[in-house]
Amino acid sequence: MMAQAENILGSIGGLPEPTGDEVVQAIDVYKNFGRLEVLKGVSLTVRRGEVVVVIGPSGSGKTTFVRCINHLEKIQGGRIFVNGHMIGYREARGRLVEDRGRNIARQRREIGMVFQRFNLFHHKTALGNVIEAPIQVLGMKRDEAVALGRDLLARVGLASKAEAYPAQLSGGQQQRVAIARALAMKPKLMLFDEPTSALDPEMIGEVLEVMRELAREGMTMIVVSHEMGFAREVADRVVMMDDGQILEEGPPARLFGQPAHKRTQAFLSKIL
Amino acid sequence: MSFDWPFFWHYLFRPSGAYLHGLMLTVVLSVVAQTLGTILGLFAALGRMSRLTPLRLVVRGYIWIMRGTPLLVQIVFIYTGLAAGGIFRFQDISLGFMTIPGNVQAGLLALSLNEAAYMAEIIRAGIASVDHGQTEAAKSLGMTYGQLMRRIVLPQAARFVIPPLGNEFNAMLKNTTLVSVIGVPELLLTTETLTSATFRVFELYSVVALYYLTLTTIWGWVQARIEAKFGQSTAQAEAVAGFGERLFGRALFGAARSKA
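Residues numbered from 1 in each chain as written. Chains lettered and ligands numbered in written order. Predicted model: local features only at pLDDT ≥ 70, side-chain atom pairs only at ≥ 80, totals over all residues. Heavy atoms only, no water.

*Asks:* How should the overall build of chain A be read in this particular structure?
*Replies:* Counting secondary structure elements, chain A contains 9 helices and 12 strands. Taken against the 2.2 N^0.38 rule, which gives 19 Å for 272 residues, the C-alpha radius of gyration of chain A at 18 Å falls within 12% of a compact globule. Here the C-alpha coordinates of chain A stretch approximately 50 × 50 × 35 Å along the principal axes. Taken over 272 residues, chain A has a buried fraction of 58%. Contacts spanning at least 24 positions in sequence make up 68% of the contacts within chain A whose residues lie at least 6 apart. For chain A, the accessible area works out to roughly 11,200 Å², and carbon and sulfur atoms hold 46% of it. Averaging the positions of the 36 positive and the 32 negative side-chain charges in chain A gives two centres separated by 6 Å. (Helix = DSSP H or I, 4+ residues; strand = E, 2+ residues; numbered from the N terminus. Rg over C-alpha atoms; globule rule 2.2 N^0.38 Å. Buried < 20%, exposed > 50% of the residue type's maximum accessible area, 1.4 Å probe, protein only. Contact = heavy atoms within 4.5 Å. Areas by Shrake-Rupley, 256 points an atom, 1.4 Å probe, with all protein chains shown as cover. Lys, Arg positive; Asp, Glu negative; His and termini not counted. Charge placed at Lys NZ, Arg CZ, Asp CG, Glu CD.)

Following this line, the structure appears as structure tokens:
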């Protein structure tokens with residue numbers, strides 16, 4: 001369908017190499033919104049180049065968990081390491097203290113995130129969206145950023161839309177701009193929070209195509225998704241969450257073929 | 001009815017030097033107070049939305065007091081009240097080429113502080129109008145609070161803020177009359193001085209009314225142009241960003257670009 005979706009990471013100088021083998025290490029993460037417990041001791045390790053798809057019923061905490069990984073949500077217990085750095089907190093006399101905003105911002109640079117609702121900057125063109133952070137955050141020269149931005153947009157099939165504003169783009173196009181925007185920061189990890197849930201059915205394919213290509217090029221990815229076909233085909237591991245906990249995890253063939261838990265079976269039977 | 005037409009025409013079209021000075025003072029006071037009020041209002045708006053509860057409470061208290069008491073009372077309080085209480089007396093400041101009298105400083109301060117409270121609420125609403133998802137996206141790209149405010153949120157809030165800002169400036173042009181009570185020789189006080197010398201109240205107040213009407217009409221025209229230019233259409237979104245950057249970005253945050 002999209003012949004352009006070829007070697008996307010070439011434009012950012014190839015795959016950004018994570019420092020260690022374990023890109024994400026979440027240990028016993030607890031999170032509550034007031035009295036509502038959303039995460040009840042979630043532990044997950046994601047290795048370099050792995051694609052992990054997180055599934056589960058709505059309200060199971062999967063989106064919240066992914067948002068904790070780049071500290072868009074505070075956590076009340078546990079620790080999350082990305083590339084060996086603890087995210088959002090530092091230890092002071094045995095207690096966790098929230099880190100300074102500047103440090104958190106620095107940590108987020110190497111974690112790309114794609115949102116369900118795209119969240120493009122409305123007042124900037126597609127190109128403007130992509131070059132904003134490289135220029136502002138990394139201090140890249142404008143010419144260099146523009147060249148990078150155009151290249152990235154071309155590789156997600158949007159060469160002709162560089163000057164378009166988000167309001168002039170379809171949902172699928174906006175989401176591909178959002179992916180290019182995240183990639184422009186040369187992230188070592190990509191988080192996808194239900195990236196196709198807000199899309200019309202005919203646009204889901206073009207976004208999944210780009211994600212599939214990223215996975216093929218070795219990007220480490222955590223994807224919250226209801227796209228079981230994508231999970232089956234692309235995921236190295238599928239993680240089933242329910243009620244704030246990881247119920248089970250495993251290779252897609254095993255988890256979809258012989259789910260160990262009744263609740264996984266029930267969930268899969270509803271969605272497949 | 002007694003209306004001295006020749007007198008009226010004379011003062012309308014051949015204003016004295018003192019009168020023109022009053023007019024200039026009115027315009028300068030309005031522009032400076034609105035500018036300071038907007039800048040201060042921006043910080044008050046950010047403080048009002050801060051995560052720090054004490055800061056939030058202080059700003060709320062400030063807005064509560066400034067909006068809940070008459071501007072006239074604030075002006076007299078700041079200039080005459082503080083001096084009478086032995087707390088602070090405004091002294092003339094000499095800049096070499098000009099002198100800023102104490103009462104002008106006090107008037108300017110009162111107008112700015114008062115305006116800041118109103119602008120804070122307007123800017124807060126403007127910031128709230130920018131959907132939170134963009135803030136999260138900016139954060140996820142590693143932008144700091146300052147960067148995301150300056151580059152993402154405020155340029156878009158500006159579009160929302162510009163129409164009420166125009167109305168505020170219209171009100172400001174007229175509110176400057178209040179500093180006449182502390183002896184600032186702006187347009188109204190100049191008129192009063194003339195009145196006490198000539199007793200031509202009807203004619204002179206007609207003249208001064210027309211002067212204010214002219215000022216607000218000119219501003220209304222400028223405002224309409226600005227709003228037309230920075231309307232909602234997508235094609236002009238770029239221009240909006242440019243204006244927002246000029247209004248909030250460059251002016252406030254200077255060259256503090258991406259030092260990281």
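*Asks:* I'm lost on the overall build of chain B in this one. Help?
*Replies:* Counting its secondary structure elements, chain B contains 10 helices and 2 strands. The linear arrangement of helices and strands in chain B, starting from the amino end, is α-α-α-α-β-β-α-α-α-α-α-α. Taken over 260 residues, chain B has a buried fraction of 47%. A separation of at least 24 residues holds for 75% of the contacts in chain B among residues at least 6 apart in sequence.

*Asks:* Please clarify how unusual backbone geometry should be interpreted in this entry.
*Replies:* Most peptide bonds are trans, and most residues other than glycine sit at a negative phi. Backbone geometry at N119(A) places phi at a positive 55 degrees, although glycine is not the residue there. In this structure, N119(A) sits in the loop between β8 (111-114) and α3 (126-136). Positioned with a positive phi, F199(B) is a non-glycine residue whose angle comes to about 60 degrees. Take F199(B): it is sitting in the loop between α8 (187-198) and α9 (201-229).

*Asks:* Looking at this model, I keep getting lost on the interface of chain B and chain A. Mind explaining?
*Replies:* A common way to state how big an interface is: give the accessible area lost once the parts meet. In this assembly, 28 residues from chain B lie in contact with 30 residues from chain A. Both faces combined, the contact of chain B with chain A buries some 2,500 Å², and carbon together with sulfur accounts for 56% of it. Together, E136(B), S140(B) and L141(B) form the three largest contributors to the area buried by chain B at its contact with chain A, with a combined 24%. There are 2 salt bridges connecting chain B and chain A. The shortest N-O distance in the salt bridge between R151(B) and E132(A) comes to 2.7 Å. The interface formed by chain B and chain A holds 7 residue pairs in polar contact (both at pLDDT 80 or more) in total. If you list the elements that add at least two residues to the side of chain B that touches chain A, you get α6 (132-140), α7 (145-175) and α10 (237-253) of chain B. (Buried area = accessible area lost by both parts, 1.4 Å probe. Salt bridge = Lys/Arg side-chain N within 4 Å of Asp/Glu carboxyl O. Polar contact = N/O pair within 3.5 Å; in protein donor to acceptor, adjacent residues only side chain to side chain.)

*Asks:* Explanation requested: the pairing of strand β11 (residues 237-242) of chain A in the structure shown.
*Replies:* Two faces belong to every sheet, and in a regular strand the side chains alternate between them. All names here are of chain A. Burial within β11 is extensive, with 6 of its 6 residues counted as buried. Side chains of β11 alternate between two faces, with R237, V239 and M241 and V238, M240 and D242 buried alike. Here β11 pairs with strand β12 (residues 245-250) via 5 bridges, running antiparallel. Counted as the bridge partner of M241 is I246 from β12. (Pairing = 2+ DSSP bridges.)

*Asks:* Hey, could you run me through the confidence of the model for chain B in this one?
*Replies:* For residues with low pLDDT, the predicted coordinates do not support detailed interpretation. With 88% of its residues at a pLDDT of 70 or more, chain B has an overall mean of 89. The ipTM, which scores confidence in the relative placement of chains, is 0.93 for this predicted complex, and the corresponding pTM is 0.85. (pLDDT = per-residue confidence, 0-100.)

*Asks:* Please clarify how the pairing of strand β7 (residues 95-98) of chain A should be interpreted in this entry.
*Replies:* With 4 bridges joining them, strand β6 (residues 89-92) of chain A and β7(A) adopt antiparallel strand pairing. Paired with A92(A) across the two strands is R95(A), which belongs to β7(A).

*Asks:* I tried to follow a nonpolar patch on the surface on my own but got confused; where do I start?
*Replies:* A contiguous nonpolar surface patch, about 430 Å² in accessible area, is contributed by M24(B), V27(B), V28(B), V31(B), V32(B) and L36(B). Considering the arrangement of structural elements, one finds L36(B) in helix α2 (residues 17-48). (Patch = residues over 30% accessible without salt bridge, like charges linked within 9 Å, V, L, I, M, F, W, Y side chains within 5 Å.)

*Asks:* Which parts of the structure should I look at to understand helix α3 (residues 53-68) of chain B?
*Replies:* Along an α-helix, residues three or four apart share an orientation, since each turn contains 3.6 residues. Residue and element names in this part refer to chain B. With 16 residues, α3 ought to run about 22 Å at 1.5 Å a step, and its terminal C-alpha atoms sit 22 Å apart, in line with that. Residues V59, I63 and M66 constitute the buried set of α3. For α3, the angular spread of buried residues about the axis comes to 70 degrees, placing them on one side. Opposite its buried face, α3 presents the exposed residues P54, L57, V58, W64 and G68, each directed more than 90 degrees away. On its buried side, α3 packs onto α2, α4 (71-84) and α5 (102-128). (Expected span 1.5 Å × (residues − 1). Arc of directions from axis to C-beta.)

*Asks:* Before we go on, may I ask you to explain the pattern of salt bridges in this structure?
*Replies:* Oppositely charged side chains can form a pair if their charged atoms are brought close together. Summed over all chains, the structure comprises 29 salt bridges over all chains. One salt bridge connects R90(A) with D99(A), and the closest N-O pair in it is separated by 3.8 Å. For E110(A), the salt bridge goes to K188(A), with nearest N and O atoms at 3.5 Å. Taken as a pair, E110(A) in the loop between α2 (101-108) and β8 and K188(A) in the loop between α5 (171-183) and β9 (189-193) lie far apart in primary sequence, 78 residues in all. Connected via shared salt-bridge partners are K31(A), R67(A), E73(A) and E136(B).

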